[in-house]
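Chain by chain, the residues:
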Amino acid sequence: MARVFVITGPSGVGKGTLIRRLRETIPELRVSVSATTRPPRAGEEHGRDYWFLDDAEFDRRVGEGDFVEHAEYAGRKYGTLREELERHLGEGAPVVLEIEVQGARQVRETMPEAVQVFVVPPSFDALRERLESRGTDGADTIARRLEVSRVELESQHEFDHRLVNDDLDATARQLETLVREQLSSAGAV
Ligand code: 5GP
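A few points on the structure.

### Here's the deal with the sheet that holds strand 7 (residues 95–98)
Okay, step 1: Taken together, five strands build an open sheet; the order of strands is 2-7-1-8-9 and the sheet is parallel. Strands at the two margins of the open sheet, each flanked by one partner only, are strand 2 (30–31) and strand 9 (161–164).
Okay, step 2: Helix 1 (residues 15–25) contacts strand 1 (4–8), strand 2, strand 7 and strand 8 (115–120) of the sheet and is inclined by roughly 165 degrees relative to strand 7.
Okay, step 3: Together, strand 1, strand 8 and strand 9 form the strand contacts of helix 7 (residues 168–185), whose direction differs from that of strand 9 by roughly 160 degrees.

Laid out in structure tokens, this is it:
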């Protein structure tokens, strides 16, 4: 039964924007707030955008089995908290996880029923331009993220569903259709 949706793909591909659009059209979808050790960006809030943890706290929670999946990405740790996911599922809501590829692989192992969507950039240059223009990261961070993206893009064929984000409106509609189909085949909508 499709209750968990994983949206993955390289940093800057538009996962966050697509998920925001998806929640406008399917408001019952919940987004799981991840934990991370990276510092907050301007405007980000603890508990809304991420649970911002220090390294020791993150590691302690890994040790206690608090994460459904976790991974190191460009030198920082990220993970999905079990309590976040279970709280939403326990309330009967479908949940979206916005995670990088290593985490998506872990979810594929532990929750094979989760629907996984890999968002593909129209080109590598488009990804670079997006990361540069959104202005959230410095040049070093962008370079590091682009390195990771090359590797992530090679894994796109592991994923059952791939969407090329060449036109935001069209891609958002495709994602909505996919999620609605999965929810209705699960008897939820
Ligand atoms: P950012 O630092 O740009 O917010 O996120 C960097 C990368 O980490 C993105 O690809 C994002 O999707 C991913 N990410 C965010 N939360 C999680 C999580 O809980 N687990 C994993 N594995 N990746 C995450």
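### What to know about the packing of helix 1 against helix 7
Okay, step 1: One way to put it is that helix 1 packs onto helix 7 with a least axis distance of 9 Å and a crossing angle of 55 degrees. Between helix 1 and helix 7, the interaxial angle falls into the category oblique. Between helix 1 and helix 7 lies a crossing whose hand is right-handed. Taking contact as the criterion, the partners of Thr17, Leu18, Arg21, Leu22 and Thr25 in helix 1 are, on helix 7, Leu168, Asp169, Thr171, Ala172, Leu175, Glu176, Val179 and Arg180.

### Quick word on the site of the ligand
Okay, step 1: Surrounding the ligand, one finds 17 residues, the nearest of these being Ser34, Arg38, Tyr50, Tyr78 and Glu100.
Okay, step 2: Measuring from an oxygen atom of the ligand, one finds a side-chain N or O atom of tyrosine 78 at 2.6 Å.
Okay, step 3: At a separation of 3.3 Å, an oxygen atom of the ligand approaches a polar backbone atom of threonine 80.
Okay, step 4: Contact with the protein chains removes 96% of the 510 Å² of surface that the ligand exposes when unbound.
Okay, step 5: Of all the secondary structure elements, the ones that give two or more residues to the shell around the ligand are strand 5 (67–73) and strand 6 (76–81).

### Some details on the side chain of aspartate 137
Okay, step 1: Counting through the fold element by element, aspartate 137 comes out in the loop between helix 5 (124–134) and helix 6 (139–154).
Okay, step 2: On the basis of relative accessible area, aspartate 137 is assigned to the buried category, the value being 15%.
Okay, step 3: A polar contact of 3.5 Å, which involves the side chain of aspartate 137, links it to the side chain of arginine 41.
Okay, step 4: A polar atom in the side chain of aspartate 137 sits 3.4 Å from the side chain of threonine 136.
Okay, step 5: With sequence-adjacent residues up to four places away left out, aspartate 137 is seen in contact with Arg41, Ile142 and Arg145.

### Focus: the sheet that holds strand 5
Okay, step 1: Taking strand neighbours across the sheet as the criterion, the four strands line up as 4-3-6-5 in an open arrangement whose pairing is mixed. Edge positions in the sheet fall to strand 4 (51–52) and strand 5, since each of these pairs with one other strand and no more.
Okay, step 2: One ladder, built from two bridges, connects strand 3 (residues 35–36) with strand 4; its direction is parallel. Counterpart to threonine 36 in the pairing with strand 4 is phenylalanine 52.
Okay, step 3: Sheet strands in contact with helix 2 (residues 55–63) are strand 3, strand 5 and strand 6, and its direction is about 45 degrees off that of strand 6.
Okay, step 4: Where helix 3 (residues 82–90) meets the sheet, it contacts strand 4, strand 5 and strand 6, and its direction lies at approximately 30 degrees from that of strand 6.

So, how was this worked out
- Residues numbered from 1 in each chain as written.
- Predicted model: local features only at pLDDT ≥ 70, side-chain atom pairs only at ≥ 80, totals over all residues.
- Heavy atoms only, no water.
- Pairing = 2+ DSSP bridges.
- Helix = DSSP H or I, 4+ residues; strand = E, 2+ residues; numbered from the N terminus.
- Contact = heavy atoms within 4.5 Å.
- Axes fitted to C-alpha atoms, helices over the stretch in contact; angles between N-to-C directions.
- Parallel < 35°, antiparallel > 145°, perpendicular 65-115°, else oblique.
- Left-handed = near helix turned anticlockwise from the far one by under 90°.
- Near = heavy atom within 4 Å.
- Polar contact = N/O pair within 3.5 Å; in protein donor to acceptor, adjacent residues only side chain to side chain.
- Areas by Shrake-Rupley, 256 points an atom, 1.4 Å probe, with all protein chains shown as cover.
- Buried < 20%, exposed > 50% of the residue type's maximum accessible area, 1.4 Å probe, protein only.

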